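# Geometric and topological summary
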Amino acid sequence: MSSHAATGHIDHHHDHTTSTGIPNKKLLWWAFLASDCMFFGALISTHLVYRLNPPPGNANPTQVFNIELTSFSTFILLMSSLLMALAVNAIQKGNIKSTRLMLLGTMFFGCIFLGGQVFEFGHFVHQKHMTLSNSIFGSTFYTLTGTHGTHVAIGVLLLGMMYVRTFKPAAGGGFLLNFVHLAAICVVMGVSFIFVVPGLIEVIYGHGLAEFFTEKAKPLILGAIGAITLFILSRQRGEVDFGEKNAIDIETIGLYWHFVDIVWIIIFTAVYLLEYL
């Protein structure tokens, strides 16, 4: 038996039971992220190739982009990485309460980013008349940024599932309760980035606040019900089967989240910032 096992200490960076010394879950995620790197590399390369050789009638990016809003969304996504790192640090210390708080914060910031993207896409289509099919730039832009947004949405869902996992009763059972808990998270997050965040951005740009509440009344009520349900179900329900031993699960999701953030930095530079140089 190793000294780590004898002392009961959990080594979060080395697994003595595998031939590589890397936990199998982490190795699997690294392999997936490596394949995703090639996938995003192909999308970014395609966009850059058509940027250097734009066909006639292509949209003018500087007349379409709202660089201030995108810069703010980028800042929010980067700050979500900080909260994700704090969640990993908290679970490695066995601090479940802090872990839950950081996971919720990461999901919240992720939804702000997605809401900004929903507003941006709608603005580009309805105000700037740039669609997926009327220009090569629109095709490569929506495909690349939409794919990344899908990755962020999947990340938010994974974080929500891990958040609910932290409430698994030590005595077992609780499947139905956990399902309702996850459904409440999905409702709150979905309403947030599809309706609330884009609507508030419209208010900032001059849309009336009263109109916001009138037009978004039904989704706001649904979101409020989900939020109340989430608050009730998030209250401590006794001993849970989750702790420091599960740090690897949150760490692997953290790898995915940090990867998504790094990819966005590259996209933000290649797609947005290069147009202003």
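Everything below is about the structure printed above this text.
Closest axis-to-axis distance for the helix α7 (residues 175-204)/helix α9 (residues 217-233) pair is 8 Å, and the angle between their directions is 140 degrees. Considering only the axes of α7 and α9, their crossing is left-handed. Residues Leu177, Val180, His181, Ala184, Ile185, Val187, Val188, Val191, Phe195 and Val196 of α7 form the contact with α9, whose own contacting residues are Pro219, Leu220, Leu222, Gly223, Gly226, Ala227, Thr229, Leu230 and Leu233. Taken together, the residues of the contact of α7 with α9 break down into 15 nonpolar, four polar and no charged.

Tracing the backbone shows leucine 230 in helix α9. Separated by 46 residues in the primary sequence, leucine 230 and alanine 184 have C-alpha atoms spaced 5.7 Å apart. If sequence neighbours within four positions are ignored, leucine 230 has contacts with Tyr163, His181, Ala184 and Ile185.

Once that is clear, we can look at the packing of aromatic side chains. Overall, the coordinates contain 22 aromatic pairs when judged by the stated rule. Residues tyrosine 163 and phenylalanine 167 carry aromatic rings whose centres are separated by 5.2 Å and whose planes lie at 70 degrees to one another, so their mutual orientation is edge-to-face. Among the residues examined, tyrosine 163 registers a relative accessible area of 3% and is labelled buried. Judged by relative accessible area, phenylalanine 167 falls into the buried class, the value being 2%. An aromatic cluster of three or more residues is present, and its members are Phe65, Phe113, Phe121, Phe124, Phe137, Phe141, Tyr142, Trp264, Phe268 and Tyr272.

As a packed pair, helix α5 (residues 96-126) and helix α10 (residues 247-272) sit with axes 13 Å apart at the nearest point and diverge in direction by 30 degrees. What the angle tells us is that α5 and α10 run roughly parallel. Here α5 runs over α10; the crossing is left-handed. Residues Thr99, Leu103, Thr106, Gly110, Phe113, Gln117 and Glu120 of α5 form the contact with α10, whose participating residues are Ile250, Trp257, Trp264 and Tyr272.

Attention now moves to the state of the cysteines. According to the stated counting rule, one finds zero disulfides in the structure shown. Here cysteine 111 stays free of any disulfide, with the sulfur of cysteine 186 as its closest cysteine sulfur at 9.9 Å. Cysteine 186 sits in the partly exposed class, given a relative accessible area of 38%.

Using the criterion set out here, one finds six salt bridges in the structure. In this structure, lysine 216 and glutamate 215 form a salt bridge, with 4.0 Å as the shortest nitrogen-oxygen distance. Residue class for glutamate 215 comes out partly exposed when judged on its relative accessible area of 48%. Aspartate 241 is paired through a salt bridge with lysine 245; the nearest N and O atoms lie 3.2 Å apart. Its relative accessible area of 27% is what places aspartate 241 among the partly exposed residues. Through salt bridges with shared partners, one network takes in Lys168, Asp241 and Lys245.

Definitions and cut-offs
- Residues numbered from 1 in each chain as written.
- Predicted model: local features only at pLDDT ≥ 70, side-chain atom pairs only at ≥ 80, totals over all residues.
- Heavy atoms only, no water.
- Axes fitted to C-alpha atoms, helices over the stretch in contact; angles between N-to-C directions.
- Helix = DSSP H or I, 4+ residues; strand = E, 2+ residues; numbered from the N terminus.
- Left-handed = near helix turned anticlockwise from the far one by under 90°.
- Contact = heavy atoms within 4.5 Å.
- Nonpolar A, V, L, I, M, F, W, Y, C, P; charged D, E, K, R; others polar.
- Phe/Tyr/Trp six-rings, centres within 6.5 Å; stacked < 30°, edge-to-face > 60°.
- Buried < 20%, exposed > 50% of the residue type's maximum accessible area, 1.4 Å probe, protein only.
- Parallel < 35°, antiparallel > 145°, perpendicular 65-115°, else oblique.
- Disulfide = S-S within 2.5 Å.
- Salt bridge = Lys/Arg side-chain N within 4 Å of Asp/Glu carboxyl O.

Taken by themselves, the reported measurements are silent on function.
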